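Chain and residue survey
Residue strings, one per chain:
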Amino acid sequence: DNPDFHQKIIPISSELTQPGLAISPEDVQTLTSCINIVFHCAATIRFDEPLKHALQLNVMATQQLLSLAQQMQQLQAFIHISTAYANCNRRHIDEVIYPLPVEPKKLIDSLEWMDDSMVRDITPHLIGDRPNTYTYTKALAECVVQQESGRLNMAIIRPSIVGASWQEPFPGWIDNFNGPSGVFIAAGKGILRTMRASNDAVADLIPVDVVINLTLAAGWYTAVHRPKSALVYNCTTGGINPFHWGEIEHHVMSTFKRNPLEQAFRRPNANITSSYLIYQYWILVSHKFPALLYDLFLRLSGQKPQMMRIFNRLHKAIGLLEYFSSQDWEWNSDNINMLMNQLSAEDRRTFNFDVRQLNWPEYIENYCIGTKKYVLNEDMSDIPAARQHLRKLRNIRYTFNTVLLVFIWRVFIARSQMARNIWYFVVSLCYKFLSYFRASSTLTQ
Ligand SMILES: CCCCCCCCCCCCCCCC(=O)SCCNC(=O)CCNC(=O)[C@H](O)C(C)(C)COP(=O)(O)OP(=O)(O)OC[C@H]1O[C@@H](n2cnc3c(N)ncnc32)[C@H](O)[C@@H]1OP(=O)(O)O
Ligand SMILES: NC(=O)C1=CN([C@@H]2O[C@H](COP(=O)(O)OP(=O)(O)OC[C@H]3O[C@@H](n4cnc5c(N)ncnc54)[C@H](OP(=O)(O)O)[C@@H]3O)[C@@H](O)[C@H]2O)C=CC1
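Figured I'd write up the structure that's included with this text. (Residues numbered from 1 in each chain as written. Chains lettered and ligands numbered in written order. Predicted model: local features only at pLDDT ≥ 70, side-chain atom pairs only at ≥ 80, totals over all residues. Heavy atoms only, no water.)

Observations regarding the pairing of strand β1 (residues 37-40)
Taking every second residue as pointing to the same face, the buried face of β1 carries V38 and H40, while none of I37 and F39 on the other face is buried. Bridge count for β1 against strand β2 (residues 77-81) is four bridges, and the pairing is parallel. If you follow H40 over to β2, its bridge partner there is H80. Crossover β1 to β2 through helix α2 (residues 51-70) is right-handed. (Buried < 20%, exposed > 50% of the residue type's maximum accessible area, 1.4 Å probe, protein only. Helix = DSSP H or I, 4+ residues; strand = E, 2+ residues; numbered from the N terminus. Pairing = 2+ DSSP bridges. Right-handed = clockwise from strand over helix to strand, strands pointing away.)

Next up, the structure:
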């Protein structure tokens, strides 16, 4: 649509961990003289980030950017991107900034002199009932934003689990493995067969284009209407148009069976469970055992074993995600409704963030196809070959199961008189039934 779009963009190089964000003096000059709105989304989103690093990227960098923003002569609004899970230690989350027991500045100062192992030891005490350093540092960043809200005109956007696009630039666009995308891909490849999640818990996915549209609209509202205090927007779907992890599982599996990924390890067949014991059982039977067999095959054919390593990484990743897929939260979204009512009918269409119109089965199907096309760069024209591959895998499974059954049965028959008796009884019963069936069909003729 806009072939010269790049002429409208001036990239600024920066490094969040450096003093002054490592922005060159010339760039600082450009920014302070002509910026109207700041959208601050840079962050580390890794769940396993060491606390010191997460603080540096998510809290101190936000502090530095706020200082820079105060020098911006034309600034109308500062929009900070947080996460709906910043306060995931609460069940009901309002559109307010919740206080933390520790003052961010004091925490940063006290961690300064500690070495990495000391920080590692006190991290669980600091993050308390939050699951990771990511949600904790995002909550601290909100407090930092609040401290500056008297001086700057600000708003906070809190998206839940950001997923592929709903409509723009086109349905299903996605370019990374974060959040559910990696899980969907692993399930589509037949690697992931089980995950701990609650079938009935709300899966609060939010399409990335909805987040962007809402963020732009909030930028407009903050700049033009200048609310007295920083408004928080809980950018979620669960309270408005709920969909559950059990339904997601169903639609992901059905999409990948119809549109298989290339070179799947096994047929896609993942089940979610909230039971720890069932989960451990499937991990053993459906993950570790096939991985062991496959690695044995690789070793015997002179190749490097790799499947167990892949599964260990997968287990680490799903272990970090299960906190979010095993429970529900309730987010208040009054500010979202207010913002929607403030937009003109045309703006509401252009910056659509009304998730009541979202058709989940269609969205999940586009999402899965999007992971195939844009994350894995697979061609849709290869789908017949991928289906053929799945048929081959199904035949291998049938053959394997039959051989295993016969083998186990043979072992039983050889060792136990009772198994032999049962076997003869079943065989003679079948024989009698067949003879009776043949005799009765001859009589009717
Ligand atoms: C059918 C079932 C339905 C049920 C389905 C339930 C879904 C339930 C989702 C809940 C989702 C909550 C989300 C909370 C909402 C926020 O607040 S959003 C923030 C979201 N943040 C994230 O998702 C980040 C989570 N990821 C991480 O923390 C780290 O990647 C992990 C998981 C600790 C892994 O760390 P690592 O082992 O060091 O690996 P990492 O360096 O990250 O990646 C190495 C390579 O593997 C790739 N990779 C990373 N992850 C994956 C993956 N999952 N798969 C494949 N490749 C991957 C990377 O692209 C990278 O590739 P290269 O660049 O080397 O080519
Ligand atoms: N993904 C999700 O599900 C959710 C995300 N969010 C929030 O949305 C925002 C964007 O997240 P998302 O797009 O998913 O994450 P990404 O990791 O894709 O993007 C993070 C951005 O931060 C930049 N960045 C990271 N480290 C540094 C650094 N040291 N110096 C300079 N820039 C850096 C990255 O730059 P570069 O590309 O150059 O590496 C990248 O542009 C974050 O604030 C996150 O907390 C909130 C809720 C859910």
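Some points on the packing of aromatic side chains
Aromatic ring pairs are described here by two measures, namely the spacing of the ring centres and the angle between the planes. All chains considered together, the criterion is met by 20 aromatic pairs. Look at Y85 and W331: their rings are 5.4 Å apart centre to centre, the planes differ by 90°, and that puts the pair in the edge-to-face class. Here W331 lies in strand β10 (residues 330-331) and Y85 lies in the loop between β2 and β3 (92-93), a separation of 246 residues in the sequence. Neither residue differs from the other here; Y85 and W331 are each classed as buried. An angle of 5° between the planes, with centres 5.2 Å apart, marks the rings of F243 and W360 as stacked. Here F243, found in the loop between β8 (231-235) and α8 (245-258), pairs with W360, found in helix α13 (residues 360-375); they are 117 residues apart in sequence, far enough to count as distant. (Phe/Tyr/Trp six-rings, centres within 6.5 Å; stacked < 30°, edge-to-face > 60°.)

Re the nonpolar core
Counting residues in each nonpolar core, the largest one holds 71 residues, and the members touching the most others are L192, L205, Y233, I248, F353, Y363 and I364. Among the elements that take part in this core, helix α7 (residues 208-225) stands out by supplying seven residues, more than any other. In this structure, F353 is in contact with V210, N213, L214, A217, I336, L339, M340 and L343, ignoring residues within four places of it in sequence. Grouped together as the second largest cluster of nonpolar side chains are 37 residues, L16, L68, V119 and A230 included. (Core = buried A, V, L, I, M, F, W, Y, C linked by side-chain atoms within 4.5 Å. Contact = heavy atoms within 4.5 Å.)

Looking at the site of ligand 2
Taken together, 16 residues surround ligand 2, and among them E15, L16, C41, Y134 and K138 come closest. Note that an oxygen atom of ligand 2 is positioned 2.8 Å from one of the side-chain N or O atoms of K138. Looking at the shell around ligand 2, its residues break down into 10 nonpolar, four polar and two charged. (Near = heavy atom within 4 Å. Polar contact = N/O pair within 3.5 Å; in protein donor to acceptor, adjacent residues only side chain to side chain. Nonpolar A, V, L, I, M, F, W, Y, C, P; charged D, E, K, R; others polar.)

Examining the pattern of salt bridges
This structure, assessed with the given rule, holds 10 salt bridges. Here R46 makes a salt bridge to D48, at a shortest N to O gap of 3.1 Å. Looking at D48, the relative accessible area reads 32%, which means it is partly exposed. Two residues, E378 and K372, come together in a salt bridge whose shortest N-O distance is 2.8 Å. Residue classification places E378 among the buried positions, given a relative accessible area of 9%. Salt bridges sharing partners connect three or more residues here, namely R46, D48 and K316. (Salt bridge = Lys/Arg side-chain N within 4 Å of Asp/Glu carboxyl O.)

A look at the pairing of strand β4 (residues 154-159)
Among the six residues that make up β4, six are buried, leaving the element largely enclosed by the rest of the structure. Covered by surrounding structure in β4 are M154, I156 and R158 together with A155, I157 and P159, the residues of both alternating faces. Here β2 pairs with β4 via four bridges, running parallel. In the strand pairing of β4, H80 is matched with I156. Pairing analysis gives five bridges linking β4 to β8, with the strands arranged parallel. When the bridges of β8 are listed, I156 appears paired with V232.

Scope: geometric values only; no functional claims are made or implied.
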